[in-house]
Amino acid sequence: MTLLNPRISRVLGLAALASLVALAVFGLFIAPPDAVQSDAQRLMYLHVPSAWIAYLAFGVTALSSALYLWRRTRSPVWDRLAGASAELGVLFTAMTLLMGSLWGRPVWGVWWAWDARLVTTAVLFFLYVGYLALRRVPAPLETRAKRCAIAALVAFVDVPIVHFSVDWWQTLHQQATVFTPSLNAHIHGVMAFTLWLGVLAFTLLYVYLLDKRYRLEALEEDLESKELAKAIEERVQGAGTTAPPEHVEVGVGR
Amino acid sequence: MNLLQEAALVAGKDLRIEARSRVTAQQILPFGLVVLLLFAFALDPHRGDLTNVAPGLFWVTVLFGTLLAVGRAFSIEAENGARDGLRLSGLDSAALFLGKAGAVAVELAALEALLAVGVVILFNVGLGGVAPLVLATVAATVGLAATGTLYGVLAAGLRVRETLLPVLLLPVVAPVLLGATKAWEASISGASGDAWPWVTLLGIFAVLFTGIGMLAFGPLLEES
């Protein structure tokens, strides 16, 4: 039912918490303020790792979906993992967009800019919001799993095309409006360390949450099948005492 | 029968249903024109800009039309257990996909022809640079029909299909909207050279999703 041993999961949770606290200390107090952007730049320590984790999460979803579709490795494990990871991917993408927006306001003067990376991330967000909507549609488990796995792979294939087209759109029309060279300036040692700490903390958090979400998915499936078994039992018992209903609607909702 | 003959059979069936029921002619095409009118109302303060933004408005309208055409393509299979008929027909699932997508593409082409006349008359657009314009339109139409049919069968038979289809399909076809709009803008402004990269992108999209559709249609139809 679980992805990880409960003890490992607990250790992982504590490690994630500790590294997040360390990240807060480093990010807010120890790392020096940016020469150009001063304190606003500190958002980088959250923004960049969450973007990386979002990509990682969607990568895991695509890989799990492919493993589900491949007959030899087909197992409900991959379906649950794909769903759990996609949900976290959407969460981290939303965080990336939100923090990017908060960062953009003081630095660029706008909440949103039609920059290639921003637009790609927004489309990515909606691609997987659609996938999560599909996962919510009630259906027999295997049907849903196969359908969702195909949808996840189609979305994944679309990502480079979206990226490419949006990139092109921008380079053909408005060059370097918002990304000033100062943003790519050399990075201070402590800043780099803090950034890597952020990546570590978010990775730990991701794996911890993935395990929890996986367990929840498995429990939900279990509950559903138990409820179904109970309903059938009640129906069978009911049929024993009273006259059987003349017309019984059988079948899963379509 | 080879693949294309089988596909033509399926497409012929769908188009015959459309010709008799006139849903495309009497519902989807007028809808497209109404949307063009609404755009003119929405952009009223900047009516002069309509000419400039016409390519984008045209393609957004086509996207809406795609949603309707795809929904229709699978609602005709929902009646009288027609989907079971398709499954049992013995036709290759890749051919089924090509046939369904082909019929949608033909309907979209009709919509596009009408809308093109609409933007020329209503938005005062001069359609120049015919070669890239036509090729971009063909590639975009194939891409839209292929992705639409793929997601159409994915959502077919679900109670929430009408609401699910747009949220699944529209983000995926975002590059088509972008590419087709840019190709049209370049063609219309006379800078046909700028249109070709977009035509290539649209072509890649069309080929890629036609391929995916041919592979995935069978398993998805089984589960629908």
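Here, the structure is the one placed above.
For clarity, every value in this text was computed on a predicted model and none was experimentally measured.

1. Let's talk about the overall build of chain B
A tally of regular secondary structure across chain B gives nine helices and zero strands. Secondary structure elements of chain B, listed N to C terminal, follow the sequence α-α-α-α-α-α-α-α-α. On C-alpha atoms alone, chain B measures out to a radius of gyration of 18 Å, which is about the 17 Å that the 2.2 N^0.38 rule sets for 224 residues. Across its three principal directions, the C-alpha atoms of chain B cover 55 × 35 × 30 Å. Here the contacts in chain B between residues at least 6 apart in sequence split such that 85% fall between residues at least 24 apart.

2. Observations concerning the interface of chain A and chain B
Taken together, the contact between chain A and chain B spans 25 residues of the former and 25 residues of the latter. Among the elements of the structure, helix H4 (116-136) and helix H5 (141-173) of chain A are those that each provide at least two residues to the side of chain A that touches chain B. If you tally residues by element for the side of chain A that touches chain B, the top one is H5 of chain A, at 15 residues. Taken together, the residues of the side of chain A that touches chain B sort by class into 17 nonpolar, four polar and four charged.

3. Details of unusual backbone geometry
Residue and element names in this part refer to chain B. Positive phi, normally seen in glycine, also occurs at Asn 80, with a value near 50 degrees. You can see Asn 80 is positioned in the loop between helix H3 (50-78) and helix H4 (82-88). Taking the number of C-beta atoms within 10 Å as the measure of exposure, Asn 80 has 9 and is therefore exposed. With a phi close to 60 degrees, Asn 124 is a non-glycine residue in the positive phi region. Along the chain, the position of Asn 124 falls in the loop between helix H5 (93-122) and helix H6 (130-155). The class for Asn 124 is exposed, based on 12 C-beta atoms found within 10 Å.

4. Some words on helix H3 (residues 76-108) of chain A
In this model, H3 of chain A (33 residues) spans 46 Å end to end at C-alpha, consistent with the 48 Å of a helix rising 1.5 Å per residue. Backbone geometry just after H3 of chain A places Gly 109 of chain A at a positive phi near 85 degrees.

5. Considerations on the packing of H5 of chain B against helix H9 (residues 192-223) of chain B
All names here are of chain B. Where H5 contacts H9, the axes come no closer than 8 Å and their chain directions differ by 105 degrees. Here H5 is positioned roughly perpendicular relative to H9, judged by the angle of their axes. Each of Ser 93, Ala 94, Leu 96, Phe 97, Leu 98 and Ala 101 in H5 lies in contact with H9, whose residues at this interface are Gly 213, Met 214, Phe 217, Gly 218 and Leu 221.

Thresholds applied
- Residues numbered from 1 in each chain as written.
- Chains lettered and ligands numbered in written order.
- Predicted model: local features only at pLDDT ≥ 70, side-chain atom pairs only at ≥ 80, totals over all residues.
- Helix = DSSP H or I, 4+ residues; strand = E, 2+ residues; numbered from the N terminus.
- Rg over C-alpha atoms; globule rule 2.2 N^0.38 Å.
- Contact = placed C-beta atoms within 7 Å.
- Nonpolar A, V, L, I, M, F, W, Y, C, P; charged D, E, K, R; others polar.
- Buried ≥ 20, exposed ≤ 12 C-beta atoms within 10 Å, placed from the backbone.
- Expected span 1.5 Å × (residues − 1).
- Axes fitted to C-alpha atoms, helices over the stretch in contact; angles between N-to-C directions.
- Parallel < 35°, antiparallel > 145°, perpendicular 65-115°, else oblique.

Scope: geometric values only; no functional claims are made or implied.
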